[in-house]
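Survey of secondary and tertiary structure
These are the residues of each chain, in order.
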Amino acid sequence: MAYKRQIDRLPIIPADAKEHNAVCHYCIVGCGYKAYTWPMNKQGGTAPNQNKFGTDLSEQQFQDTEAWYSPSMYNIVKQDGKDVQLVVKPDVNCVVNSGLGSVRGARMAENHPSTVTGTQQQRLTDPLVWRYGSYQPTSWEDAFDLVGQVTARIVADEGEDELLVSMFDHGGSGGGYENTWGTGKLYFESMKVKNVRIHNRPAYNSEVHATRDMGVGELNNAYEDAELADTLVAWGCNPLECQTNYFLNHWISNLQGVSSTKKQDMLPGEAHPQARVIFVDPRRTVSVNAAEQAAGADNVLHLPINSGTDLALANAIFTYIVDQGWHSMDFIEASTLREAQDRPPLFPARGVADGQPGHLSSFEDAVDANRMSIEEAADICGVPAEDIRKAAEWIAQPKEDGARKRTMIGYEKGIIWGNDNYRTNGALVNIALATHNIGQPGGGCVRMGGHQEGYFRPPEGHVGRPAAYVDQLLIGGKGGVHHIWACNHYRTTLNATEYKRAYNRRTNMVKEAMDAVAGGDREALIEAIVVAVKQGGLFAVNMDIVQNEMGKQAHVVLPAAQQGEMNLTSMNGERRMRLAEKYMDPPGNAKPDCLIAAGIAQAMERALRDLGLDTYAEQFKGYDWQTEADAFADGYGSANPEVTYDRLRKLGTNGFQEPPQGVEGDTIVGTPRLYADGVFSSDDGRARFMAGPWRGQVTPGKAVEMDRYPFFINNGRSNLNWQNWFLDQDNDFVLDRWPYPFIEMNPEDMAERGITAGDLVEVFNSNGAAQAMAYPTDTAKRGQTFMLFGSPRGTQGNVVNEGVNELVIPVYKQTWADIRKISDTPMVAQGISFKSKEFKL
Amino acid sequence: MKCNKLVDAGRRQFLRGGLMASAGAAAATVAGTSEAEAKPALARVDYPANRLANMADLAVNEPMDVAYPDADSPGVLLKLGEAVEGGAGPDGDIVAFSVLCPHKGWFLNYNADDRTLNCPGHYSRFDAEAGGQQVWGHATHNLPQFVLRVDDSGDIYAEGVDELIYGRLSNTL
Ligand code: SF4
Ligand code: FES
């Protein structure tokens, strides 16, 4: 049954409703929204002077109107302790999204907790402590004290390496400058914790070390560049579903020709042909279909390469471009390293050091090392040679008037979570550098991104490179205390089957030890925990907004606030920084993460003093923050004093693009694109090329797995399920559509195994098993599937082996397994649609 | 149903706004629509019972333009040939939906091949055989479906709507 809300009218926003700047916190795009709040006993009217829009709402509004909102954009929430009405709707004046809302962001209001409408009652409201064999709500003081005492005992006795930390490093909800600073100060300044990992991967590392090592920051262009490019390249990314409004508002408008006037205005004196787009993806995504609709199929090139062969493809394109003389020698001379570096002895298998796996060198050295013919690449990648040649032409062949082609390359998890991540990332940057497409309008070689960014922490050099593979430490019995900030490895790690087994066992040891001293006092409890930890147990503290599967193994659970419930600053994929204002209270007694970190620090200080460690305790001073604004000023604000909440508030949903260049009046002057002056982020200001030839499927265990199992288990996000999964697991609209994670399968593959649409299947291999719902997909190749990632009801990570790249980046994408049916379509999945996801007129 | 010219115009206008949704034009094709009195004092809107068509007017899988609850709310009436969710009539196969996309209000197009309603705005699609469930898309609710009743003479009446129609904060204006 299609889920229906049965809402036939909504309260009207009164003309005098309070207006707040909001930014969607679900993905990197960071669409601008406005949040309106007003008292319960007031409502607007249909007359223009009675509503916020100044519009006659007794009439039907036309398409793209500002004066409409859907039921999902309305809720009743608490503000300063009182129930108020809330509408959160896309902001037509935000240059990011121009009023577009996505199926995720346009549900922000509905995904706030409400004791009145009953939404998101899964939210944590009070600190919980494992006590009397279950979770009991308690005070912050009590919970902080237990965390502080146990953590202090373990780090004092055994050292800080015994404290393992999983923490967000991003912006948006569960992150942002306030919260990355609060946590960063605790673990990287008061302590020097090195066994630390990030929310979606088992180590504390960049996902794109290569581009940074080459001197090219990964978010180097402006969203506007997608409107100005002659050719757009989506390499290992699916922007319609994963960066929705960036794609719709900036890529599609270029492909449709809507931005042609802008091109003529901003880039006069050169030809502006119909824009084209190239997709590199083993799967035909809905992005490909949308691009064909917008630009015509002739202007869309999809290269459905064999999984993990991107490096061969990129090197062939690079080689071809250079052989044709389409590279930009002037730029290479002026802005890149000109002397070839000595190749390491084990090149290309190893770099100069474990932490430097690639070879950064000159243009010529890279051309020589990476040489790959189009035909060879066609063979490796499984796509026609003429299509590879066409891709090279679209990327770099000069325009009809001889002008250089403006090409933007966007890449994401297909590269990041794929084979030979480091060299492949570098190979894409090589193409952009050679063709002078960085720092130029219509150019860029950028991560498409996941969450917004919002990283401000003390230096993390002590973590080392390669960083510790924390999940393997946890599996191997290492570490005694685990602090977790908005992470759920149970859904978002590799080798998850084994991880969960080990984690359950180790945390249960501590739960049992706590249960065994139920009648004892606090001292006896701490002692019992410490003993259990020394015997291999793990004491876990989980900071989150909901109680997730891993949190259910924790011993202390601390409730956090999310965006809208606190003031939070972040930047989006074009480095656009905004202040998302607080417009409601967090649920119950939940707090911003930065203030939770402060509470833990203060408890640690007290506990260390009690242990007689005064000098150590001194390191935990400096957390007397009352609000998140204090944490912001202590962190980001100390380095960028011109960036204040006041200024950001005035800049609204458009903010400014980091880094700040100074202040003019009330405005912070920003930086639309990086490297416009040709000076890169390296010691000498010159960018490096990556000499990194194709080396085959190099992740340990993957080649064997590929030969052994019949199905490629490609995986990723869907439009509906993204970084909002943790809330959407409690959203009726979403669960009605995807009661299980789908697995897209070729219909003939399904028939051979007796699987029909909606059947529950098990994906299994020697790493483990996971369940999914079969979704027949005509465009899926035989033997290729695509499974929704990160679902609470079927975790793809269960079947991913533990193999990582040299810098401990997981390789979720290259997974092979077998599939068997385990049930006819379960009741919850009966009646849902199994039609093609591709728009067709 | 919705003429392709409109779709193309819409496409050119993408993100420029200002395209007139030709609700009036759609209404012109509708027989027998009568206005209802809204009664705002009630807790829920009071839906009119409007005759949309007669069974005899419908052919299987041929969409008919309708409007409900008033002329400014265009919809589509369909006989699908097989019993479906929310289906009315002796065969349980007659359904009607709003054709204003619940994302940003663009006109949906009926694709008779796989019986979906498709939006040229941003590529959303809805399944006419599954209660208007969004197969894929940006709308945060499924397609508003009109509640139908078929009387003994085969007259088809719409009597309610199960979601908020795009472009109005009350389903009856
Ligand atoms: S595209 Fe991303 S940021 Fe924008 S509304 Fe959707 S989820 Fe939010
Ligand atoms: S109006 Fe955007 S998908 Fe229909």
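The rules behind each value
Each residue is numbered by its place in its chain's sequence as written, counting from 1. Note on labels: chains are lettered from A, ligands numbered from 1, in written order. Only residues with pLDDT of at least 70 are given local features in this predicted model, and only at 80 or more are side-chain atom pairs given and counted; all residues enter the totals for whole chains, interfaces and linings. Here the side-chain values reflect all heavy atoms present in the structure, with hydrogen atoms and water set aside. Each residue is tested against the molecule or strand, and it is near if at least one of its non-hydrogen atoms lies within 4 Å. Just so you know the grouping, Ala, Val, Leu, Ile, Met, Phe, Trp, Tyr, Cys and Pro go in nonpolar, Asp, Glu, Lys and Arg go in charged, and all remaining residues, Gly too, go in polar. Working definition: rings of Phe, Tyr and Trp (its six-membered ring) pair if their centres are within 6.5 Å, and the pair is stacked with planes under 30 degrees apart, edge-to-face with planes over 60 apart, and tilted otherwise. Numbering goes from the N terminus for both helices and strands, where a helix is a DSSP run of H or I of at least four residues and a strand is a run of E of at least two. Residue burial is assigned from relative accessible area. The probe radius is 1.4 Å, only protein chains are included, and a residue is buried under 20% of its type maximum, exposed over 50%, and partly exposed in between. Predictor confidence is given residue by residue as pLDDT, running from a minimum of 0 to a maximum of 100. By definition in these notes, contact holds between two residues if any of their heavy atoms fall within 4.5 Å. Working rule for helices: expected span equals 1.5 Å times residues minus one. Buried area counts how much accessible surface, traced with a 1.4 Å probe, disappears from two parts once they are put together, with both parts' losses summed. Salt bridges are defined as contacts in which a side-chain nitrogen from Lys or Arg sits within 4 Å of a carboxyl oxygen from Asp or Glu. Polar contacts here mean pairs of N or O atoms no more than 3.5 Å apart (in protein, one a potential hydrogen donor and the other a potential acceptor; neighbouring residues in sequence count only if both atoms are side-chain atoms).

Around ligand 1 sit Cys24(A), Tyr26(A), Cys27(A), Val29(A), Gly30(A), Cys31(A), Tyr33(A), Ser102(A), Arg104(A), Gly105(A), Thr244(A) and Asn245(A), and that is every residue in its neighbourhood. Here the residues of the shell around ligand 1 sort into six nonpolar, five polar and one charged.

Before going further, it helps to spend a moment on the packing of aromatic side chains. Residues and elements named next belong to chain A. Summed over the entire model, instances satisfying the criterion amount to 38 aromatic pairs over all chains. On the numbers, 5.9 Å between centres and 65° between planes, the contact of Phe 456 with Tyr 636 is edge-to-face. Residue Phe 456 is located in the loop between strand E14 (445–447) and helix H16 (470–475), and its partner Tyr 636 is located in helix H22 (residues 636–639); the two are separated by 180 residues in the primary sequence. For Tyr 636, a relative accessible area of 3% translates into the label buried.

The subject of this paragraph is the confidence of the model for chain B. All names here are of chain B. Averaged over every residue, the pLDDT of chain B is 84; the share at 70 or more is 77%. Note that residues 1–32 has pLDDT below 50 and, in this model, 60 contacts with residues that lie over four places away or in other chains. Here the predicted complex carries an ipTM of 0.96, next to a pTM of 0.95.

Now for unusual backbone geometry. All names here are of chain A. A cis amide bond, omega 0°, links Arg 465 with the succeeding residue Pro 466. By the element assignment, Pro 466 lies in the loop between E14 and H16. Pro 659 follows Glu 658 through a cis peptide bond whose omega is -5°. Topologically, Pro 659 is positioned in the loop between strand E20 (656–657) and strand E21 (662–664). In this structure, Gln 6 is a non-glycine residue whose phi angle is positive, near 55°. Among the secondary structure elements, Gln 6 is positioned in the segment before strand E1 (18–23). One non-glycine residue with positive phi stands out, namely Gln 120, at about 50°. Among the structural elements, Gln 120 can be located in the loop between strand E4 (82–90) and strand E5 (128–131). The class for Gln 120 is buried, based on a relative accessible area of 2%.

Here the focus is helix H9 (residues 310–323) of chain A. Residues and elements named next belong to chain A. In a regular helix each residue adds 1.5 Å, so 14 residues correspond to 20 Å; H9 covers 20 Å between its end C-alpha atoms and thus fits that length. Where burial is concerned, most of H9 is hidden: 13 out of the 14 residues are buried. Looking one or two residues beyond H9, the residue adopting positive phi is Gly 325, at roughly 75°.

Put simply, an interface is often sized by how much accessible area is lost when its parts join up. Between chain B and chain A, the contact holds 64 residues from the first and 60 residues from the second. Summed over both sides, the interface between chain B and chain A buries roughly 5,600 Å², with carbon and sulfur atoms accounting for 53% of that surface. Summed over the shared surface of chain B and chain A, the number is five salt bridges. The partner of Glu129(B) in a salt bridge is Lys835(A), with the nearest N and O atoms 2.6 Å apart. At the junction of chain B and chain A, the tally comes to 45 residue pairs in polar contact (both at pLDDT 80 or more). Per-element accounting of the side of chain B that touches chain A gives the leading share, four residues, to strand E8 (residues 133–136) of chain B. Tallied by class, residues from the side of chain B that touches chain A come to 28 nonpolar, 21 polar and 15 charged.

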